[in-house]
Amino acid sequence: MNKVFRLLSVGLLAALSGCAGPHPVFTPPLERPLAVRDTPWPRNQVLVLAYHDIMDTEPDQQYVATRTANFIAQMRWLQVNHYVPVSMDQIFAASEGKGELPEKAVLLTFDDGYRSMYDRVFPILKRNHWPALFAPVGRWIDTPEGQSVDFSGKLRPRDKFVTWDQVREMSDSGLVEIGSHTQDLHHGVLANPQGNVEPAAAALKYDPVTKRYETLEEFRQRIDRDVSAITSTLTRVDGKPPRVWVWPYGAASGIALDVARQHHYRAAMTLEDGLLDVHNLMNVPRMLVANDPDIDGFVANAVQLQEHPPIRSVRVDLDAIYDPDPAQMEENVGRVVQRLSEVQPTVIIVKGFVSPAHPGEPVRETYFPNHVLPMKADLFNRTVHQIHSRLLFDPRVYAWIPTLAAEQGASVPLCSTSPYRASPFSPVVQRQLRTLYRDMAASVPTLEGVMFDEDASDAVCGGESPARLTQAQDDLSVQLSDEVRAVRGQDVKTLQVVVSGGHETARQAVARTLTHHDHALVRLSPGARQGAGNVVTHAQAQALLKTVSELPNGMARTLFEVERQTPTGKVIADERVGKWLVWLANRSVIHLGYAPDDAQANRPVLRNMAPLFESRWQE
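Residues numbered from 1 in each chain as written. Predicted model: local features only at pLDDT ≥ 70, side-chain atom pairs only at ≥ 80, totals over all residues. Heavy atoms only, no water.

Chemist: Teacher, can you tell me more about the overall build of the protein chain here?
Modeler: Looking only at helices and strands, the protein chain has 16 helices and 28 strands in total. Out of the 619 residues belonging to the protein chain, those deemed buried represent 56%. Looking at the protein chain alone, contacts between residues at least 24 apart form 70% of all its contacts between residues at least 6 apart. About 25800 Å² of surface is accessible on the protein chain, with carbon and sulfur atoms providing 51% of the total. (Helix = DSSP H or I, 4+ residues; strand = E, 2+ residues; numbered from the N terminus. Buried < 20%, exposed > 50% of the residue type's maximum accessible area, 1.4 Å probe, protein only. Contact = heavy atoms within 4.5 Å. Areas by Shrake-Rupley, 256 points an atom, 1.4 Å probe, with all protein chains shown as cover.)

Chemist: Looking at this structure, how should I read the pairing of strand E27 (residues 558-563)?
Modeler: Along a regular strand, successive side chains alternate from one face of the sheet to the other. Burial of E27 is extensive: 6 of the 6 residues sit out of reach of the surface. Side chains Thr558, Phe560 and Val562 project from E27 onto one buried face, and the interleaved Leu559, Glu561 and Glu563 project onto a second face that is buried too. By the bridge criterion, 5 bridges tie strand E26 (residues 519-525) to E27 in an arrangement that is parallel. Residue pairing for E27: Leu524 is matched across the bridge by Val562. Bridge count for E27 against strand E28 (residues 591-595) is 5 bridges, and the pairing is parallel. Along E28, the bridge assignment pairs Glu563 with Ala595. (Pairing = 2+ DSSP bridges.)

Chemist: How should the packing of aromatic side chains be read in this particular structure?
Modeler: Within a pair of aromatic rings, the relevant descriptors are the distance that separates the centres and the angle that separates the planes. Following the criterion strictly, the structure yields 22 aromatic pairs and no others. Note on Tyr63 and Phe151: the rings are 5.3 Å apart at their centroids and 55 degrees apart in plane angle, and the pair reads as tilted. On the criterion of sequence distance, the pair formed by Tyr63 in the loop between strand E3 (54-55) and strand E4 (66-67) and Phe151 in strand E8 (residues 149-151) is long-range, its members being 88 residues apart. This pair shows no difference in class: Tyr63 is buried, exactly as Phe151 is. Each ring, one from Phe368 and one from Phe380, has its centre 6.2 Å from the other, and the planes form 55 degrees; the classification is tilted. Taken together, the residues span a long stretch of sequence, with Phe368 in the loop between strand E20 (347-351) and helix H10 (380-390) and Phe380 in helix H10 at a distance of 12 residues. Taking relative accessible area as the criterion, Phe380 reaches 0% and is therefore assigned buried. The structure contains a cluster of three or more aromatic residues connected by ring pairs, namely Tyr63, Tyr114, Trp140, Phe151 and Phe161. Sitting above the plane of the Tyr63 ring, Lys160 keeps its charged end 4.2 Å from the centroid. Between Lys351 and the ring centre of Phe353, over which it is positioned, the NZ or CZ distance is 4.6 Å. (Phe/Tyr/Trp six-rings, centres within 6.5 Å; stacked < 30°, edge-to-face > 60°. Lys NZ or Arg CZ within 6 Å of the ring centre and 35° of its normal.)

Chemist: Is there a simple way to explain unusual backbone geometry in this structure?
Modeler: Negative phi is the rule for most residues except glycine; trans is the rule for most peptide bonds. For the bond from Ala595 to Pro596, the omega torsion is -10 degrees, close enough to zero to count as cis. As for its placement among the helices and strands, Pro596 is situated in the loop between E28 and helix H16 (606-609). Residue Arg603 is joined to Pro604 through a cis peptide bond whose omega torsion reads 0 degrees. Checked against the element boundaries, Pro604 lands in the loop between E28 and H16. For Val64, which is not glycine, the phi torsion reads 50 degrees and is therefore positive. Inspection of the secondary structure puts Val64 in the loop between E3 and E4.

Chemist: Would you mind showing me how to read the pairing of strand E24 (residues 449-452) here?
Modeler: A two-sided burial pattern is seen for E24, the buried positions comprising Gly449 and Met451 on one face and Val450 and Phe452 on the other. Inspection of the sheet shows E24 paired to strand E25 (residues 493-497) by 4 bridges, in the parallel sense. Along E25, the bridge assignment pairs Val450 with Thr494.

Chemist: It is not clear to me how helix H5 (residues 164-172) should be interpreted in this structure. Could you clarify?
Modeler: The periodicity of an α-helix, 3.6 residues per turn, causes residues three or four places apart in sequence to face the same way. Buried within H5 we find Trp164, Gln166, Val167, Met170 and Ser171. Along H5, the residues classed as buried sweep out an arc of 160 degrees about the axis, all on the same side. Of the residues in H5, the exposed ones pointing more than 90 degrees away from the buried face are Asp165 and Asp172. Summarising the contacts, the buried residues of H5 are in contact with helix H3 (116-128), strand E7 (132-136), helix H4 (138-142), strand E10 (176-178) and helix H6 (216-238). (Arc of directions from axis to C-beta.)

Chemist: Even after reading the chapter, I still don't get the environment of Gly463, so can you show me in this structure?
Modeler: Of note, Gly463 is situated in the loop between E24 and helix H12 (466-488). C-alpha separation for the pair Gly463 and Cys415, spaced 48 residues apart in sequence, amounts to 9.5 Å.

Chemist: I would appreciate a short explanation of the side chain of Asn381 in the present structure.
Modeler: Looking at the element boundaries, Asn381 is found in helix H10. Exposure remark for Asn381: the relative accessible area of 2% places this residue in the buried category. At 3.2 Å, the side chain of Asn381 forms a polar contact with the backbone oxygen of Ala191. Excluding anything up to four places from it in sequence, Asn381 contacts Ala191, Asn192, Glu198, Ser443, Val444 and Pro445. (Polar contact = N/O pair within 3.5 Å; in protein donor to acceptor, adjacent residues only side chain to side chain.)

Chemist: It is not clear to me how the environment of Asp89 should be interpreted in this structure. Could you clarify?
Modeler: Following the sequence through the fold, Asp89 ends up in helix H2 (residues 88-95). Sequence-wise, Asp89 and Pro131 are 42 residues apart; in three dimensions their C-alpha atoms are separated by 9.8 Å.

Chemist: Which parts of the structure should I look at to understand the packing of H3 against H5?
Modeler: When two helices pack together, their arrangement is given by the angle between their axes and by how far apart the axes lie. Two numbers describe how H3 lies on H5: the axes approach to 10 Å, and their chain directions differ by 20 degrees. Of the possible angle classes, the one that applies to H3 and H5 is roughly parallel. For the pair H3 and H5, the crossing hand works out as left-handed. Of H5, the residues touching H3 (which contributes Met117, Tyr118 and Phe122) are Gln166, Glu169 and Met170. (Axes fitted to C-alpha atoms, helices over the stretch in contact; angles between N-to-C directions. Parallel < 35°, antiparallel > 145°, perpendicular 65-115°, else oblique. Left-handed = near helix turned anticlockwise from the far one by under 90°.)

Chemist: Sorry, what's going on with the side chain of His385 here?
Modeler: With respect to the helices and strands, His385 occurs in helix H10. Side chain to side chain, His385 and Gln386 meet in a polar contact 3.2 Å long. Excluding its chain neighbours within four sequence positions, the residues that come into contact with His385 are Asn196, Val197 and Glu198.

Chemist: Got a minute to help me understand the nonpolar core in this structure?
Modeler: A general trend in soluble globular proteins is that nonpolar side chains are found buried together. Core analysis: the biggest nonpolar cluster contains 153 residues, and Tyr51, Phe380, Met440, Phe560 and Leu584 have the highest contact counts within it. When residues of this core are assigned to their parent elements, the largest contribution, 7 residues, is made by helix H11 (residues 427-443). Ranked by size, the runner-up nonpolar core spans 20 residues in total, among them Met88, Leu107, Ala267 and Leu281. (Core = buried A, V, L, I, M, F, W, Y, C linked by side-chain atoms within 4.5 Å.)

Written out as structure tokens, the structure reads:
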């Protein structure tokens, strides 16, 4: 979910293992933070519900259908619990400072263009004077009467969908805003050599004949043709241009979003969790109402959506998956997915480059196509696709690729040769890294975050001061973050590993990291050697927690990651790692993780990680 810059590597001594047992720190009730549900509704924010089809009988999940009786019960619950339906007009007015939204505002949205919107939902809206947003797929509604609709490769009867006359009638009522769900991008395209299909509005197409990917410019032109077509159609039908873009499958693209902006769209809707913020209308989260939830399930989802669950992270190394034998490599991918299904992390950090043969050498190969470094295997997209498509839960996937450690060529200036670090002051280095990150983002359509984990603060870089060097690295990481978001969309999060140099305190280092990124990552190494510069005593660890907790939202935005290997490669006992995680959890640490996870050896043993992830592992 976020970007990582490396700042503090924290370790524990063997002598501290006795301190790692579960000794909870008592917090008086009045000092404990309130649950989100017990706090006032945030100002000018909206719960947005994403419906699709509404069916009287057994709801068909190929249409993400909800039973009519359950839909009515959900509307009744919203009314009884004082949720107030709002329109896009009200939301746009609030975004311009021309009005205030009511507390517990809710927006109803309906995707795809099903006939049930006209037959079942529209009468309910009129009876209760509730506004809503309806976003049809242009090609489906364009299908002439008597012909079958090509529903993402499957033929469906035309009367399953509304007509343009019905769309016009709903719009003329003043209750229903008509949005765009693309003209013909609600389907998948071949997205890699392994045959994976990804959302057409977010993925570069792969041609198996020429063995090449669509370029970013070709992708932009394809999207522009589609946006032009649906915008023209809706303007003709509705009498006014559409204002809201709704992503098929919820899969966003920064390039496509830029195209939508050029066509004067003012809001774009995903299927990410959270509340709509009137100051961020081009990245609107929505709660997907799927699997026909009963009222208890609906209420639980609506309440949880307003909260921010703790991060539970693991790291996956593609080096451990790669094999020259494609069949074996595919088996290794399957093992990783199976392992993740058991661990159930909320964040998965995927290392997308080939580790150098010797520590300190430059990174020379990646696992994704790009214009800067050779590609060892086209493995990154395949792995991330399998994670998202096969897991029954929805983790966020972050990419970890090199910055200054990436080999830049003989002519670029270096800050150091061992470890290899290119100069962040060099325009050539900056340009090549922007290209590397842009290519990585383009190759992984479902990417949701980036981690930064490099440091050159101890290097001598053209006579620049450590403070100037740190600032240059921060500026570079912000540039690279912007590059990724320009391709993948604004919801991409950034996480930076905290590295504290001699020119600043730990407090300054964490605060600086949080200024530039969504989260800071603090690394702890229980088995690291004392005196190596990155090892702390128990008292130092306590002091660090105190420092982070005193920063505004410090604990809420800091991820503590326990390392399973020392810098020399020695593996730390699973039980010791688990005890350290318990120790952190008992001291009010919110976000926890460990690294790396070894799917091939099934390590760490899950029962030792139970306090961090699932209590059922203790059985």
